[in-house]
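# Structure assessment
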Amino acid sequence: MVIEEYDALQKILSEFRQEVNTIEEQIQRDMECIRDREASIQAFTDAEPEDFKVFSPRKMENLHREEITALRKEKAAYEERDRELENRKSIFQKYIPILENILKCPPPNRVKEPVAAQELHDSSIQTLDEIVQKIELSSTQIVMNPIQAKQDFAVIGSCLKKTVDKMRETVWIV
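Read on for an overview of the structure. As the structure is a computational prediction, the values presented were derived from the model and not from experiment. (Residues numbered from 1 in each chain as written. Predicted model: local features only at pLDDT ≥ 70, side-chain atom pairs only at ≥ 80, totals over all residues. Heavy atoms only, no water.)

Next up on the list: the overall build of the chain. Along the chain, the regular secondary structure elements total six helices and zero strands. Listing the helices and strands of the chain from first to last along the sequence gives α-α-α-α-α-α. The proportion of buried residues among the 174 residues of the chain is 20%. Across the chain, contacts joining residues at least 24 apart in sequence account for 75% of those joining residues at least 6 apart. A total accessible area of about 12500 Å² is found for the chain, and carbon and sulfur atoms account for 58% of it. (Helix = DSSP H or I, 4+ residues; strand = E, 2+ residues; numbered from the N terminus. Buried < 20%, exposed > 50% of the residue type's maximum accessible area, 1.4 Å probe, protein only. Contact = heavy atoms within 4.5 Å. Areas by Shrake-Rupley, 256 points an atom, 1.4 Å probe, with all protein chains shown as cover.)

Listed below in structure tokens is the structure:
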């Protein structure tokens, strides 16, 4: 494999990872929209006052049929798009480890990195990348589930401390 091919594979791997992150963000936004639609549907069906129940033979669901139907269609569209996004994400996630394994071997014309630098790149940078993903995911949960978000941020903090310590050890070795 020549250097240009190696660099192209690295770029593809980077784009795959970026695409997975973009898909995850879109899925999170869609899930928020689905929850909003469910809440709106629930509001229409449960908004029946007591005197309306007693004096009217009709249900609120019948009175707001068009709105509820429109909300259910929107919800179904978001769910369908999420299924498609999950399929795309699984395809990317299938090829990411394959590309990572291919890229473990340096190209023939490139000088081999020292073992410590390779170890720093493989473990610490990958851990930092995972932490960034966790932060993005946790930041979406702050409003909906603050306790879970707080726990996630505590885990992220400890992971960052471990990664910094590992990087310091590796730098001192080099």
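Okay, back to it.
Below, the discussion takes up the packing of aromatic side chains. Considering all chains together, one arrives at one aromatic pair under this definition. Summarising the aromatic geometry, the rings of Phe16 and Phe92 are spaced 4.9 Å apart at their centres and angled 65° between planes, so their arrangement reads as edge-to-face. One end of the pair, Phe16, is in helix 1 (residues 3-46); the other, Phe92, is in helix 4 (residues 65-103), with 76 residues separating them in the sequence. For the residue pair Phe16 and Phe92, the accessibility class agrees, reading buried in each case. (Phe/Tyr/Trp six-rings, centres within 6.5 Å; stacked < 30°, edge-to-face > 60°.)

What follows is about helix 1. Counted at 1.5 Å a residue, the expected span for helix 1 with its 44 residues is 64 Å, and the 64 Å between its end C-alpha atoms agrees. Turning to helix 1, its buried residues are Tyr6, Leu13, Phe16, Val20, Asn21, Ile23, Gln26, Ile27, Asp30, Ile34, Arg37 and Ile41. (Expected span 1.5 Å × (residues − 1).)

The biggest cluster of nonpolar side chains holds 11 residues, and these are Tyr6, Leu13, Phe16, Val20, Ile23, Ile27, Leu85, Phe92, Ile96, Leu99 and Leu103. Only helix 1 and helix 4 provide two or more residues apiece to this core. No other element matches the six residues that helix 1 contributes to this core. Sequence-distant contacts of Leu13, that is, excluding residues within four places in its chain, are made with Ile96, Leu99, Glu100 and Leu103. (Core = buried A, V, L, I, M, F, W, Y, C linked by side-chain atoms within 4.5 Å.)

Below, the discussion takes up the side chain of Lys89. By secondary structure assignment, the location of Lys89 is in helix 4. Lys89 gets classed as buried once you look at its relative accessible area, which sits at 14%.

A surface patch of nonpolar side chains, amounting to about 450 Å² of accessible area, comprises Ile135, Ile142, Val143, Met144 and Phe153. Note that Phe153 resides in helix 6 (residues 146-173). Looking at Phe153, the relative accessible area reads 33%, which means it is partly exposed. (Patch = residues over 30% accessible without salt bridge, like charges linked within 9 Å, V, L, I, M, F, W, Y side chains within 5 Å. Salt bridge = Lys/Arg side-chain N within 4 Å of Asp/Glu carboxyl O.)

Running from amino to carboxyl end, helix 1 crosses helix 4 at an angle of 160°, the nearest separation of the two axes being 8 Å. Taken together, the axes of helix 1 and helix 4 lie roughly antiparallel to each other. Crossing hand, helix 1 versus helix 4: left-handed. Residue classes in the contact of helix 1 with helix 4 are distributed as 23 nonpolar, five polar and 17 charged. (Axes fitted to C-alpha atoms, helices over the stretch in contact; angles between N-to-C directions. Parallel < 35°, antiparallel > 145°, perpendicular 65-115°, else oblique. Left-handed = near helix turned anticlockwise from the far one by under 90°. Nonpolar A, V, L, I, M, F, W, Y, C, P; charged D, E, K, R; others polar.)

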